[in-house]
Amino acid sequence: MNCSISGEVPEEPVVSIKSGLLYEKRLIERHIAIVKPRSLTAASIPGMLGMFQNEWDALMLSNFALEQQLHTARQELSHALYQHDAACRVIARLKKERDEARSLLAQAERQAPLPAASVTANVSALSNGKRAAEDEDVGPGAKRMRAGISDSIIAELTECNAALSQQRKKRQIPPTLSTIDDLERYTQLSSHPLHKTNKPGITSIDINLSKDIIATGGIDSNAVLFDRTSGEILSTLSGHSKKVTSVRFVAQNNVLVSGSADKTVRVWQGSEDGNYDCRHILKDHTAEVQAVTVHATNNYFVTASLDKTWCFYDLSSGLCLTQVEDPSNSMGYTSAAFHPDGLILGTGTVGATVRIWDVKSRGNVANFDGHTGAVTAISFSENGYFLASAAHDGVKLWDLRKLKNFRSFELYDENTPTNCVDFDHSGSYLAIAGSDIRVYQVGSVKAEWNCIKTLPDLSGTGKATSVKFGADARYLAVGTMDRNLRIFGLPEEDASTES
């Protein structure tokens, strides 16, 4: 008789009552100790269902605890982000105060060498770069008394006019000017996102031709200086609280003037290290400043506003010498430009009229009617005879000798305004910006003005807001509503610039 487990003869044999098999006692006891009987809860279906229910409940409780921990973590993260945002606002405010302090210090350093009487006069007129209205003389009707354009300034303007007029008679088209064939081959060379994405849009462009630096004004309330040659942003000028509507270089003095919808004008002084500091903050207007134009002497500039006035400023002091109000203009000015000779000022109005002013007498000497909608831009030709004006209904060309309109371009549909016009510096080409960019060859009063090139609006917004010719019409700088500055020109020109 052998053991059913070991197959050997058992020393202490035992017999199973249930199966009748023979086992070694120590082996069967060890087997019974290892194999434990199933628990009662798992021995039946109701018991197993109860066990599963308990495990499910434990899982749900654990999941609830995790959700509570996630909610707590989210609250802590939200609090941390709020603290970070508050810290950023504090830092921004401190930076602004620091910049204002630096500007004040720079102004004090410039004023330090002046005589005591002059310093006293300047301090009474300017405080931290801002107009001290309470110290100004007030005339009848609570209007500010202006110093006026003195005889010496009028003599300076007249002398400049005579010199430029004499030069114009001898003026010849430069041999380096781009030809019509060149302009026909213009294509986009580069695109540069200069302004913020949350408030996209470029409203104004100007070019420092001697340094090939482009200034743009944006809806994000910043003005940006861009070096076209290197393709880098030189400086971002922050300070305006609303969109920058107009930017103009004063090239000889390394100065930029910006006008804004916040009713102020800022004069930025460049330094040798490439930075620009706010030299003056001018608050003479009571509504949006729509246009800035610099006189040919580079010593004076004019601003035009929706408050129905235009101001004539001295650049060095930042003082408003005269503020001209036109009672017949009931809706304000939207554009302004000096004639190349400097004794004539052109302004565009909300009421679709172009007004011509004699700067010396501040008198309105001519009006050009015929547009529909606000006059968005005006540009004088370098030949001194032609004026181009843009409005909702297109572009009109005016003969300043006979004071009449001799040609009109109705370029777009009734829902698409023309936003900008610009003659190149030689007076040979005219650029127009609307839903696209068009370049015309300048003709004469009788000769046709032929469209040389039509460049598409690659921004996808359908709105090119500003256009400017580079030196010798070698390229076009275009601003659109997608925050990008686009450069159009010849591909070989771009390659030679990069090399």
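To be clear, the structure that these remarks concern was listed above.
Each residue is numbered by its place in its chain's sequence as written, counting from 1. Under the rules for a predicted model, residues below a pLDDT of 70 receive no local features and side-chain atom pairs below 80 are neither given nor counted, while totals for whole chains, interfaces and linings still include all residues. Calculated side-chain values reflect all of the structure's heavy atoms, with hydrogen atoms and water omitted.

*Asks:* Honestly, the overall build of the protein in this entry has me stumped. Any pointers?
*Replies:* Broken down by element type, the protein carries 6 helices and 32 strands. Each residue is placed in one exposure class: buried if its accessible area under a 1.4 Å probe, protein chains only, is under 20% of its type's maximum, exposed if it is over 50%, and partly exposed if it falls in between. Taken over 499 residues, the protein has a buried fraction of 44%. In the protein, of all internal contacts separated by at least 6 residues, the share reaching a separation of at least 24 is 47%. Only the protein chains shown count as cover for residues, and all accessible areas are computed by the Shrake-Rupley method using a 1.4 Å probe. Summing over all exposed atoms, the protein offers an accessible surface of approximately 25900 Å²; the carbon and sulfur share of this is 53%. Here a helix means four or more residues in a row that DSSP labels H or I, a strand means two or more in a row labelled E, and each is numbered from the N terminus. Contacts are residue-level and defined by heavy atoms, with any inter-residue pair within 4.5 Å sufficient.

*Asks:* Help me out: how do you make sense of the layout of surface pockets in this one?
*Replies:* A water-sized probe, rolled over the atoms, reveals where empty space remains. Definitions used throughout: a 1 Å grid over protein atoms alone; a cavity as a set of points that fits a 1.4 Å probe which cannot get out; a pocket as an open set with protein on both sides within 12 Å along at least five of seven lines; a lining residue as one with an atom within 4 Å of a point. Grid points are joined across faces, edges and corners, and a volume is the space filled by probe spheres set on the points. Counted as a void, the second largest pocket has a volume near 790 Å³. Residue lining of the second largest pocket: 30 residues in total, with Asp99, Glu100, Ser238, Gly239 and Trp268 positioned closest to the centre. Residue assignment for the lining of the second largest pocket shows that the elements contributing at least two residues are α2 (45–111), β9 (232–238), β12 (265–270) and β13 (276–282). Looking at the lining of the second largest pocket, the element that brings in the most residues is α2, giving 8 residues.

*Asks:* Just checking my understanding: could you explain a nonpolar patch on the surface for this structure?
*Replies:* Together, Ile45, Met48, Leu49, Met51 and Phe52 make up a nonpolar patch on the protein surface, roughly 480 Å² of accessible area in all. For Ile45, the location among the structural elements is in helix α2. Two joining distances apply to patches: 9 Å for like charges and 5 Å for nonpolar side chains (Val, Leu, Ile, Met, Phe, Trp, Tyr), and every residue must have over 30% relative accessible area and no salt bridge. We define a salt bridge as a contact between a side-chain nitrogen of Lys or Arg and a carboxyl oxygen of Asp or Glu at a distance within 4 Å.

*Asks:* I tried to follow helix α4 (residues 151–169) on my own but got confused; where do I start?
*Replies:* Given 3.6 residues per turn, any residue in an α-helix points the same way as the ones three and four places further on. Its 19 residues place the ends of α4 27 Å apart at the C-alpha level, agreeing with the 27 Å of an ideal helix rising 1.5 Å per residue. Three or more residues of α4 are buried, namely Ile153, Ile154, Leu157, Cys160, Asn161 and Arg168. Viewed end-on, α4 has its buried residues packed into an arc of 125 degrees, placing them on one side of the element. Across from the buried face of α4, at angles greater than 90 degrees, the exposed residues are Asp151, Ser152, Glu159, Gln167 and Lys169. Against the buried residues of α4 lie β15 (300–305), β16 (309–314) and β17 (320–325). To estimate the expected span of a helix, subtract one from its residue number and multiply by 1.5 Å. Summarising the geometry, the arc corresponds to the directions from the helix axis toward the C-beta atoms.

*Asks:* How should the sheet that holds strand β32 (residues 484–489) be read in this particular structure?
*Replies:* The rule for pairing is simple: two strands pair if DSSP sees at least two bridges between them. Taken in spatial order, the 4 strands make up an open sheet running β5-β32-β31-β30, and their pairing is antiparallel. Looking at the sheet topology across the chains shown, the edges are occupied by β5 (187–193) and β30 (464–469). Looking at each pair of strands side by side, their axes are set apart by 20 degrees on average, direction ignored. Relative to strand β31 (residues 475–480), β30 runs antiparallel, the two sharing 5 bridges. Considered in β31, the bridge of Ser466 is made with Gly479. For helices, the fitted axis covers only the stretch in contact; all axes are lines through C-alpha atoms, and the angles between them, taken along N-to-C directions, range from 0 to 180 degrees.

*Asks:* Can you help me understand the pattern of salt bridges in this one?
*Replies:* Pairing between side chains of opposite charge can happen when their charged atoms approach one another. In the structure shown here, the tally under the stated rule is 14 salt bridges. The closest approach of N and O atoms between Lys468 and Asp422, which form a salt bridge, is 3.4 Å. Placement of Lys468 in strand β30 and of Asp422 in strand β26 (residues 420–423) is noted, with a sequence separation of 46 residues between them. Comparing Lys468 with Asp422, the two get one shared label, buried. When salt bridges with common partners are traced through the structure, they connect Asp182, Arg185 and Arg474 into a single cluster.

*Asks:* Can you walk me through the packing of aromatic side chains in this structure?
*Replies:* For any pair of aromatic rings, geometry is given as the distance between the ring centres together with the angle between the planes. Whether two aromatic rings pair depends on their centres lying within 6.5 Å, for rings of Phe, Tyr and Trp, where Trp uses its six-membered ring; planes under 30 degrees apart make the pair stacked, over 60 edge-to-face, and the rest tilted. In this structure the tally under the stated criterion is 9 aromatic pairs. Ring centres of Phe423 and Trp449 lie 6.4 Å apart, and the angle between their planes is 65 degrees; on these two criteria the pair is classed as edge-to-face. Taken together, the positions of Phe423 in strand β26 and Trp449 in the loop between β28 (436–441) and β29 (451–456) put the pair 26 residues apart, joining distant regions of the chain. A relative accessible area of 6% places Phe423 in the buried class.

*Asks:* Before we go on, may I ask you to explain the sheet that holds β17 in this structure?
*Replies:* Strands pair in a sheet through their backbones, by hydrogen bonds, and they do so in one of two ways: parallel or antiparallel. Taken in spatial order, the 4 strands make up an open sheet running β14-β15-β16-β17, and their pairing is antiparallel. Two strands lie at the open edges of the sheet, namely β14 (289–294) and β17, each paired on one side alone. Across the sheet, the axes of successive neighbouring strands diverge by a mean angle of 20 degrees, strand direction being ignored. In this sheet, β16 lies alongside β15 in antiparallel orientation, the contact comprising 5 bridges. Each residue of the ladder has a partner; that of Ala304, found in β16, is Trp310. Across the sheet, α4 touches β15, β16 and β17, and the angle it forms with β15 is around 100 degrees.

*Asks:* What is the right way to read the pairing of strand β24 (residues 394–399) from this model?
*Replies:* Each regular strand shows side chains that alternate between the opposite faces of the sheet. Within β24, 6 of the 6 residues are buried, leaving the element largely enclosed by the surrounding structure. In terms of strand pairing, strand β23 (residues 386–391) meets β24 through 6 bridges, oriented antiparallel. Considered in β24, the bridge of Ser389 is made with Lys396. Connecting the antiparallel pair β23 and β24 is a turn made up of 2 residues. The pairing of β24 with strand β25 (residues 404–409) spans 5 bridges and is antiparallel.

*Asks:* Is there a simple way to think about the side chain of His339 in this case?
*Replies:* By secondary structure assignment, the location of His339 is in the loop between β18 (333–338) and β19 (344–349). Any N or O atom pair separated by 3.5 Å or less is treated as a polar contact, with the protein-specific requirement of one donor-capable and one acceptor-capable atom, and with residues adjacent in sequence counted only for side-chain atom pairs. A distance of 3.0 Å separates the side chain of His339 from the backbone oxygen of Gly384, its partner in a polar contact. Contacts of His339, omitting those with residues within four sequence positions, involve Ile344, Phe380, Gly384 and Leu400.

*Asks:* In this structure, what is going on with unusual backbone geometry? I would like to understand it.
*Replies:* Note: most residues except glycine have negative phi, and most peptide bonds are trans. At Ser221, a residue that is not glycine, the phi angle is positive and equals roughly 75 degrees. The residue Ser221 is located in the loop between β7 (213–218) and β8 (222–227) in this model. Phi angles above zero are rare outside glycine, and Ala352 is one such case at about 70 degrees. When you line up the elements, Ala352 lands in the loop between β19 and β20 (354–358).

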